[in-house]
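# Observations on the model geometry
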Amino acid sequence: MHQYLSGVQQIGIGVTDVEKAMHTYKHLFGMDVLIFDDVAPASLMTQYTGNQVYNRRAILTMNLKGGGGLELWQFLNRTPQVTTEVKLGDLGISAAIIKTDSLEKSHKRLSEIENISVSEIVNCESGASYIWVNDGQNDFKIIPQNDWFQSSTYDVGGIIGAVIGVSNMETSLHFYQQVLGFETVLYDIQTSDNGREFRKIGLQKTATGKGAFNKLLGNVVIELVQILNEVPKKIFSNRFWGDCGFIHLCFDVLDMDALKLHAEKNNYHFSVDSNNSFAMDNASGRFCYIEDPDGTLIELVETHKVPIMKKLGWYLDLTKRNREKPLPNWMIKMLALSKVK
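Residues numbered from 1 in each chain as written. Predicted model: local features only at pLDDT ≥ 70, side-chain atom pairs only at ≥ 80, totals over all residues. Heavy atoms only, no water.

## Quick word on the overall build of the protein chain
Assigned secondary structure in the protein chain consists of six helices and 19 strands. Taken over C-alpha atoms, the radius of gyration comes to 19 Å for the protein chain, in line with the 20 Å a tight globule of 341 residues would show. With the C-alpha coordinates aligned to their principal axes, the bounding extent of the protein chain is approximately 55 × 45 × 45 Å. A separation threshold of at least 6 residues defines the contact pool for the protein chain, and within that pool the share at least 24 residues apart is 70%. With the model as given, the accessible surface of the protein chain reaches about 14300 Å², and the carbon-plus-sulfur share is 47%. For the protein chain, the separation between the mean place of its 34 positive charges and that of its 39 negative charges on side chains is 7 Å. (Helix = DSSP H or I, 4+ residues; strand = E, 2+ residues; numbered from the N terminus. Rg over C-alpha atoms; globule rule 2.2 N^0.38 Å. Contact = heavy atoms within 4.5 Å. Areas by Shrake-Rupley, 256 points an atom, 1.4 Å probe, with all protein chains shown as cover. Lys, Arg positive; Asp, Glu negative; His and termini not counted. Charge placed at Lys NZ, Arg CZ, Asp CG, Glu CD.)

What follows is the structure, encoded as structure tokens:
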């Protein structure tokens, strides 16, 4: 199968205070590199915001140990709604997946932080181990991994995927496997929790080495969860994209035109397409959205320009190079010149 995706670029989180959230996630998960901080109207997303254009501020931060980042998104002229309790199996993104090189170390450190909730280490039927972390609003699943871009003092890296509730596992598998290319099945299990019955399938897309940032972004892991003995609710039913909670999972794309054509051949169509190039602060690219069978928003970004040193107007122009060719490690490490302050 052709490889259209390079890795998870970021997961979007709607928040009420974007600066507070930025520093919270720097503290919790080492998201200390600032990629962009942009204020603009969200004019292309009106079908998901009540057919109105709202102003927003978006901040993208990353942890350069390896993995994707967090895009923190705040309405500026609308009070965002806070999502009610999200249950495992509800339709949509219920948790972000973050990787660690030491689950025990991450559990110890996070357990000592006030105002968050940390589960005990869970050893599941699939043989994998993980912990749950809740920041007071959102859930994060932390799992051990061994693919890293560079060493770091942080015990955790970046975002590598998400836990996504689905209504029909076979239909969703077709989308994530055949359209997005998650061919490897890590596990397919049935579990129960307090009388709630689930089917869970873990999917992985192994880093191929193709793409400017593939060595940084690494492997991708998605867990699809279907509740078997309840009717699930849709997490963002009657809510806007940008309201509090996870709003999308974003992938770095190698060839947007080819992916669009491939999706259409499988009867999926982009709901948003910025065409050509769309600027966010000193970064730019083509961004598109596609919905999974339950309407979960998947963002797709073909990166054109990335800022290295904003004050000097220094940036990487990726339009003049082979998109499959990885950037040198030293060049990616230069992103660390822009720190969250």
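## Observations concerning the side chain of Asp294
By the element assignment, Asp294 lies in the loop between strand 17 (283–291) and strand 18 (297–309). Polar contacts involving the side chain of Asp294 include one to the side chain of Ser167, which spans 2.5 Å. Setting aside anything within four residues of it in sequence, one finds Asp294 in contact with Leu91, Gly165, Val166, Ser167, Ser172 and Lys234. (Polar contact = N/O pair within 3.5 Å; in protein donor to acceptor, adjacent residues only side chain to side chain.)

## Here's the deal with the environment of Ala263
Relative to the assigned elements, Ala263 resides in helix 5 (residues 256–265). Spatially, the C-alpha atoms of Ala263 and Phe175 are 8.9 Å apart, while their sequence positions differ by 88 residues. If near-sequence neighbours (up to four positions away) are discounted, Ala263 is found in contact with Val179, Tyr268, Phe270 and Ile290.

## Some points on helix 2 (residues 103–111)
Buried within helix 2 are the following residues: Leu103, Ser106, His107 and Leu110. Seen along its axis, helix 2 keeps its buried residues to an arc of 100°; they face one direction. Across helix 2 from its buried face, at more than 90 degrees, point the exposed residues Glu104 and Lys108. On its buried face, helix 2 is in contact with helix 1 (18–29), strand 5 (92–100), strand 6 (117–118), strand 8 (129–134), strand 9 (139–144) and strand 10 (156–165). (Buried < 20%, exposed > 50% of the residue type's maximum accessible area, 1.4 Å probe, protein only. Arc of directions from axis to C-beta.)

## Some points on the environment of Gln81
As for its position among the elements, Gln81 is in the loop between strand 4 (69–75) and strand 5. Residues contacting Gln81, with those up to four places away along its chain left out, are Asn238, Arg239, Asp243 and Cys244.

## Some words on the layout of surface pockets
Approximately 790 Å³ is the volume found for the largest pocket. Along its surface, the largest pocket is lined by 36 residues, and Leu88, Tyr130, Trp132, Lys141 and Lys200 are the ones closest to its centre. Split into classes, the residues belonging to the lining of the largest pocket amount to 17 nonpolar, 11 polar and eight charged. (1 Å grid on protein atoms, 1.4 Å probe; cavity = no way out; pocket = protein on both sides within 12 Å on 5 of 7 lines; lining within 4 Å. Points joined across faces, edges and corners; volume = space filled by probe spheres on them. Nonpolar A, V, L, I, M, F, W, Y, C, P; charged D, E, K, R; others polar.)

## With respect to the pairing of strand 10
Burial analysis of strand 10 places 10 of its 10 residues in the buried class, the great majority of the element. Examined bridge by bridge, strand 5 and strand 10 share seven bridges and lie antiparallel to one another. Paired with Ala96 across the two strands is Ala162, which belongs to strand 10. Relative to strand 13 (residues 220–227), strand 10 runs parallel, the two being bridged by five bridges. Opposite Gly161, over in strand 13, you have Val221 as the bridge partner. (Pairing = 2+ DSSP bridges.)

## Describing the pattern of salt bridges
The final tally for this structure, using the stated rule, is 16 salt bridges. A salt bridge links Asp155 to Arg109; the nearest nitrogen and oxygen atoms lie 2.5 Å apart. In this pair, Asp155 sits in the loop between strand 9 and strand 10 while Arg109 sits in helix 2, placing the two residues 46 residues apart along the sequence. Taking the relative accessible area as the measure of exposure, Asp155 reaches 4% and is therefore buried. If you follow the salt bridges from partner to partner, you end up with Asp257, Lys260, Asp273 and Arg286 in one network. (Salt bridge = Lys/Arg side-chain N within 4 Å of Asp/Glu carboxyl O.)

## Things to note about the nonpolar core
Of all hydrophobic cores here, the largest spans 58 residues; its most connected members are Tyr25, Phe29, Phe251 and Leu300. Ranked by residue count, the leading element in this core is helix 1, at six residues. With near-sequence residues (within four places) excluded, Phe29 lies in contact with Asn63, Ile98, Val133, Phe140, Ile142, Val156 and Gly157. (Core = buried A, V, L, I, M, F, W, Y, C linked by side-chain atoms within 4.5 Å.)

## A word on unusual backbone geometry
Notably, Asn194 is not glycine yet its phi reads approximately 55°, a positive angle. Note on placement: Asn194 falls in the loop between strand 11 (184–193) and strand 12 (196–205). Unusually for a residue other than glycine, Asn238 sits at a positive phi of about 60°. Note on placement: Asn238 falls in the loop between strand 13 and strand 14 (245–253).

## Looking at the pairing of strand 13
Counting buried residues in strand 13 gives eight out of eight residues, a clear majority hidden from the surface. What you see with strand 13 is no split at all: Val220, Ile222, Leu224 and Gln226 on one side and Val221, Glu223, Val225 and Ile227 on the other are buried throughout. For strand 12 and strand 13, the ladder comprises eight bridges, and the chain directions are antiparallel. Bridging from a neighbouring strand, Gly202 pairs with Glu223 of strand 13.

Distances and angles like these do not, on their own, reveal function.
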